[in-house]
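Descriptive analysis of the structure
Next come the chains, spelled out residue by residue.
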Number of protein chains: 2
Amino acid sequence: MIELDFDKAGGLVSAIAQDVETGQVLMIAWMNREAFEETVRTGRAVYYSRSRKKLWRKGEESGNVQQVHEIFVDCDTDAVLLKVKQIGGAACHEGYASCFFRKVEGDELTVIGERIFDPKKVYSS
Amino acid sequence: MIELDFDKAGGLVSAIAQDVETGQVLMIAWMNREAFEETVRTGRAVYYSRSRKKLWRKGEESGNVQQVHEIFVDCDTDAVLLKVKQIGGAACHEGYASCFFRKVEGDELTVIGERIFDPKKVYSS
């Protein structure tokens, strides 16, 4: 199995998801060893949620999984880049295609993404 | 000034650099508040080196700076995405365009990037 450097960040590596077709950067999250190995094995993105302290199988609740086409590892072996197809079109829980839907313009953040879904209708409270 | 969430990771946010023309993800690093503010102010990527515990003005040594064209902020306000022009063509200290120059193929990592420069000739020991 491929050995990543999980020691530098307390058992985790950074994971960037990029749309395999458009090249849009969708999100950044974390993986522990289990999440990385399950991602490689299943071809679906699995992260580690630092707030919930458990595996986060992306799309488990909403059905909007990420199909992993390619995985790249960086020079320090502490970050991975996933080229994915985002089912449903929106990676962000706010309903945008990308979590990076706000742009720095002067001293302000301007929303530049378009909402794919209304989060109130997808996630129950 | 724009307020990012520096508290979640001990004073740091993640920073992804992406080539503004090709969309290639070049690297991931960290920024503290000072690095972020200097990046916004100067239009050149400044990171924070966790190992050296100080600001890392990318390209200061090699001349291969990153000109920042756009900055995006993610939904959690703890990560930024920089669209950059990488002077010299290589973001990685190993001499590759991208730090993500190795691909997961089965149980192995395969080098898929082409070397732009020989690191031995650029960085003195």
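Parameters at a glance
- Residues numbered from 1 in each chain as written.
- Chains lettered and ligands numbered in written order.
- Predicted model: local features only at pLDDT ≥ 70, side-chain atom pairs only at ≥ 80, totals over all residues.
- Heavy atoms only, no water.
- UniProt positions renumbered as here; feature names shortened; annotations may be inferred.
- Least-squares fit on C-alpha atoms with pLDDT ≥ 70 in both.
- Contact = heavy atoms within 4.5 Å.
- Buried area = accessible area lost by both parts, 1.4 Å probe.
- Salt bridge = Lys/Arg side-chain N within 4 Å of Asp/Glu carboxyl O.
- Polar contact = N/O pair within 3.5 Å; in protein donor to acceptor, adjacent residues only side chain to side chain.
- Helix = DSSP H or I, 4+ residues; strand = E, 2+ residues; numbered from the N terminus.
- Buried < 20%, exposed > 50% of the residue type's maximum accessible area, 1.4 Å probe, protein only.
- Pairing = 2+ DSSP bridges.
- Arc of directions from axis to C-beta.

The name an unreviewed UniProt entry gives chain A is Phosphoribosyl-AMP cyclohydrolase, with Tuwongella immobilis as the organism. Checking UniProt for chain A, the heading Function (unreviewed entry) contains the comment "Catalyzes the hydrolysis of the adenine ring of phosphoribosyl-AMP." The UniProt entry for chain A carries the following comment under Subunit (unreviewed entry): "Homodimer."

Mapping chain B onto chain A is achieved by rotating through 180° and translating by 0.0 Å along the same axis, at an RMSD of 0.0 Å. Seen this way, the second copy is the image of the first under a two-fold rotation axis. Minimal C-alpha separation from the rotation axis in chain B is found for glycine 23 of chain B, amounting to 2.8 Å. Mapped onto chain A, 100% of the interface residues of chain B again fall at the interface, so both copies present the same surface.

As a measure of interface size, the accessible area lost when the parts come together is often cited. Contacts between the two partners involve 38 residues from chain B, matched on the other side by 38 residues from chain A. Between chain B and chain A, the buried area comes to about 3100 Å², and carbon and sulfur atoms account for 68% of it. At the junction of chain B and chain A, the tally comes to four salt bridges. Arginine 50 of chain A is the partner of aspartate 78 of chain B in a salt bridge, and the nearest nitrogen-oxygen pair spans 3.7 Å. Along the contact surface separating chain B from chain A lie 14 residue pairs in polar contact (both at pLDDT 80 or more). Going through the elements one at a time, strand 1 (13-19), strand 2 (25-31), strand 5 (66-73), strand 6 (79-86), strand 7 (102-105) and strand 8 (108-111) of chain B are the ones with two or more residues in the side of chain B that touches chain A. Here the side of chain B that touches chain A gets four residues from one element, more than from any other, and that element is strand 5 of chain B.

A few words now on the UniProt feature "binding site: Zn(2+)" (unreviewed entry) in chain A. Under the UniProt annotation, the feature "binding site: Zn(2+)" (unreviewed entry) is placed at Cys75, Cys92 and Cys99 of chain A. Across 25 residues in sequence, these annotated residues place their C-alpha atoms as far as 27.5 Å from one another, rather than forming a single compact spot. With respect to the helices and strands, the residue cysteine 75 of chain A is situated in the loop between strand 5 (66-73) and strand 6 (79-86). In this structure cysteine 75 of chain A touches Cys92, His93, Glu94, Cys99, Phe101 and Arg102 of chain B, once residues within four positions along its chain are discounted. In this fold, cysteine 92 of chain A is placed in the loop between strand 6 and strand 7 (102-105).

The next point concerns the UniProt feature "binding site: Mg(2+)" (unreviewed entry) in chain A. Summarizing the sequence annotation, UniProt attributes the feature "binding site: Mg(2+)" (unreviewed entry) to Asp74, Asp76 and Asp78 of chain A in the numbering used throughout. Secondary-structure assignment places aspartate 74 of chain A in the loop between strand 5 and strand 6. Overall, aspartate 74 of chain A belongs to the buried group, its relative accessible area being 3%. Look past the residues within four positions of aspartate 74 of chain A in its chain and what remains in contact with it is Ala79 of chain A together with Ile28, Cys99, Phe100 and Arg102 of chain B. The residue aspartate 76 of chain A is located in the loop between strand 5 and strand 6 in this model. Contact partners of aspartate 76 of chain A, with chain neighbours within four places excluded, come to Asp5 and Lys8 of chain A together with His93 of chain B.

Right, let's talk about the environment of leucine 12 of chain A for a bit. Residue and element names in this part refer to chain A. Within the secondary structure, leucine 12 sits in the segment before strand 1 (13-19). The class for leucine 12 is buried, based on a relative accessible area of 11%. Placed 36 residues apart in sequence, leucine 12 and tyrosine 48 show a C-alpha to C-alpha distance of 8.1 Å. If sequence neighbours within four positions are ignored, leucine 12 has contacts with Asp5, Phe6, Trp30, Met31, Asn32, Tyr48 and Arg50.

Where strand 5 of chain A and strand 7 of chain B come together, two bridges link them in antiparallel fashion. For phenylalanine 72 of chain A, the partnering residue across the bridge sits in strand 7 of chain B and is lysine 103 of chain B. Pairing geometry for strand 7 of chain B and strand 8 of chain B, over four bridges, is antiparallel. Counterpart to valine 104 of chain B in the pairing with strand 8 of chain B is leucine 109 of chain B. Between the antiparallel neighbours strand 7 of chain B and strand 8 of chain B lie two residues, among them glycine 106 of chain B with a positive phi of about 65°.

Moving on, we come to helix 1 (residues 33-42) of chain B. Those residues of helix 1 of chain B that fall on the buried side of the exposure criterion are Ala35, Phe36, Glu38 and Thr39 of chain B. Down the axis of helix 1 of chain B, the buried set is contained in an arc of 170°. They therefore lie on one face. On the buried face of helix 1 of chain B, the contacting elements are strand 7 of chain A together with strand 2, strand 3 (46-49), strand 4 (54-57), strand 5 and strand 6 of chain B. With its phi angle positive at about 75°, glycine 43 of chain B sits one or two positions after the end of helix 1 of chain B.

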